[in-house]
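Reading the structure
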Amino acid sequence: MNFTDCLIEYVSWRTCRQARRVDNSKMKSARLWDIFCKVIDNYGDIGTCWRLAADLASRGQNVRLWIDDSSALAWMAPGALQGRWPRLEVLDWENVWDSAATARLAPADVWIESFGCELPVELLEHRFDTTRSNRPDPGADPIWINLEYLSAEGFVERTHCLPSPVMYGPASGHTKFFFNPGFSIHTGGLLRESGLAKRLATFDRTSWLESHAIGWQGERLISLFCYEPAALEGLLERLQRDTTSTQLLVTNGRAAAAVRRVLGNPPADLKSHSMGPSGSLSVTFLAPLSQADFDHLLWSCNLNFVRGEDSLVRAIWAEKPFVWQIYPQHDNAHHTKLAAFLQVMDAPQSLRQFHQTWNGIDSQVLQQPDLTEWTDAALKAGARLLHQSDLTTRLLKFVEQLGQAN
Ligand code: TRH
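The structure presented is a predicted model; accordingly, all values stated were derived computationally and were not measured.

Conventions adopted
- Residues numbered from 1 in each chain as written.
- Predicted model: local features only at pLDDT ≥ 70, side-chain atom pairs only at ≥ 80, totals over all residues.
- Heavy atoms only, no water.
- Pairing = 2+ DSSP bridges.
- Helix = DSSP H or I, 4+ residues; strand = E, 2+ residues; numbered from the N terminus.
- Axes fitted to C-alpha atoms, helices over the stretch in contact; angles between N-to-C directions.
- Contact = heavy atoms within 4.5 Å.
- Phe/Tyr/Trp six-rings, centres within 6.5 Å; stacked < 30°, edge-to-face > 60°.
- Buried < 20%, exposed > 50% of the residue type's maximum accessible area, 1.4 Å probe, protein only.
- Lys NZ or Arg CZ within 6 Å of the ring centre and 35° of its normal.
- Core = buried A, V, L, I, M, F, W, Y, C linked by side-chain atoms within 4.5 Å.
- Domains from an automatic or database assignment.

**Re the sheet that holds strand β6 (residues 163-165)**
Here we have seven strands laid out as an open sheet, ordered β3-β2-β1-β4-β5-β7-β6, and mixed in their pairing. Here the strands that pair on one side only, and so sit at the sheet edges, are β3 (88-92) and β6. Taken over all neighbouring pairs, the strand axes of this sheet differ in orientation by 25 degrees on average, direction set aside. In terms of strand pairing, strand β1 (residues 32-37) meets strand β2 (residues 62-67) through six bridges, oriented parallel. Bridged to I35 within β2 is L65. Its contacts with the sheet put helix α2 (residues 44-58) on β1, β2, β3, β4 (110-114) and β5 (143-147), and the angle it makes with β1 is roughly 170 degrees. Of the strands in this sheet, β1, β4 and β5 are in contact with helix α6 (residues 121-128), which crosses β4 at around 160 degrees.

**Considerations on the packing of aromatic side chains**
Under the defined criterion, the tally for this structure stands at 20 aromatic pairs. Taking 5.5 Å as the distance between ring centres and 50 degrees as the angle between the ring planes, the aromatic pair formed by F183 and F341 counts as tilted. Taken together, the residues F183 in the loop between β7 (175-179) and α8 (196-201) and F341 in helix α14 (residues 333-345) connect sequence positions 158 residues apart. For the pair F183 and F341, a shared accessibility class is recorded, and that class is buried. Each ring, one from F305 and one from F354, has its centre 6.1 Å from the other, and the planes form 50 degrees; the classification is tilted. Within this pair, whereas F305 is found in strand β12 (residues 303-307), its partner F354 is found in helix α15 (residues 349-358), the two being separated by 49 residues in sequence. Grouping residues by exposure puts F305 and F354 together as buried. Between the NZ or CZ atom of R260 and the centre of the ring of F285, over which it lies, the distance is 4.0 Å.

**Quick notes on the nonpolar core**
One finds L224, V250, V259, F305, F322, F341 and W358 to be the most contacted residues of the largest nonpolar core, which totals 63 residues. In terms of residue count, the dominant contributor to this core is helix α13 (residues 310-317) (five residues). Two domains each put at least three residues into this core: domain 1 (3-190 + 389-405) and domain 2 (196-386). Contacts of W358, omitting those with residues within four sequence positions, involve L224, C226, P229, A231, L232, L235, F305, V323, W324, Q325 and L366. Counting residues in each nonpolar core, the second largest holds 35 residues, with C37, L65, A80 and L88 among its members.

**Thoughts on the sheet that holds strand β10 (residues 272-275)**
Across the sheet, which stays open at both edges, the six strands sit in the order β10-β11-β9-β8-β12-β13 with mixed pairing between neighbours. Looking at strand neighbours, the two that pair on one side only are β10 and β13 (322-325), the edges of this open sheet. Taking each pair of neighbouring strands and ignoring which way they run, the sheet shows an average axis angle of 15 degrees. One ladder, built from four bridges, connects β10 with strand β11 (residues 281-285); its direction is antiparallel. Residue pairing for β11: S274 is matched across the bridge by S282. Where helix α11 (residues 254-262) meets the sheet, it contacts β8 (220-224), β9 (246-250), β11 and β12, and its direction lies at approximately 135 degrees from that of β11.

This is how it looks when you write it as structure tokens:
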């Protein structure tokens, strides 16, 4: 496709997008979705893809999650690898490359290519190569969605839903569509499953803490999910000196390793540690939690430190104050992304300053958290966002529109 063709396609798509409404009488209720996920590092890619897969399946869609390293699902979504989640199947990415295995599978109605993971050539050949005898029905090409990372920056609205024509390779001439998660009604929105409000309203903090063997005497609880912030030592010092006693609940993995380093690398089996005058700060190291229990952790705490995009969204829905450590990028692009998010949050100055220091954008002594002001900001932003429809609802509608246009 040359540049003029692209332009024509773009203009006709924009016009179409403004004019078309979903015809509910023609709505296709259940589709087969392939979600493709490559784990780069950390848990964000798999965490988001699994959450989307589970949410789609809970709404009656049939979903296959293709993933190159599914090991984290063992604790993040117990039963997922054993096929115990209805309408949801986890498949090994390596098999996508095996055209014989792929040919045996029913062709999907929708492809979700997550976070630029690039679909394997063999799969594209199988689906689009007109010379192949076993090619699935060419009239039923998949609706191809490019799922992007969450951001509050301006480009998210501008590029949401835009077509991205494929210019070369076996899929040349076909079109993917951007789907951008975001914080406004002109974006793809935020993942929020249907039963969340009810779960939150009936949550019992005391029993959850007991069931996880977290001894709690009514002290302030703070959760810690982070990378290796330079200000971590400053946080532990500040909490020790505070007149209010605190229990810091440290998540498994990089956060725990970072805290252990500050504590001088105590034995690996140390589960809790007290510091400061008369134990004003106690540190508890947690086992890996399921995504549901990760929510419960956030709901139990008076302040949550989160990192990456998926835990950020869960912190917003938790109705508690939170601090975000954004995933750092080499060119410091995350500074602009963080500023855009704080703007959307309408964050007070004290919270903006704390984020600057926590994210290493400045090297000030870490400030005193202002939980009253931060709680107010978190509740207001959460309430604003709750009024908007969730990501899966918007995605289903978008796919429906594209399906009707075909
Ligand atoms: O793990 P992350 O830092 O993921 C990051 C970011 O998404 C980043 O943008 C991306 O580029 C990079 O990965 C590759 O943070 P995130 O996004 O919050 O994902 C964490 C997931 O892990 C989330 O789904 C919650 C889940 N989780 C649990 O289920 N149990 C746990 O005990 C913990 C600590 C996390």
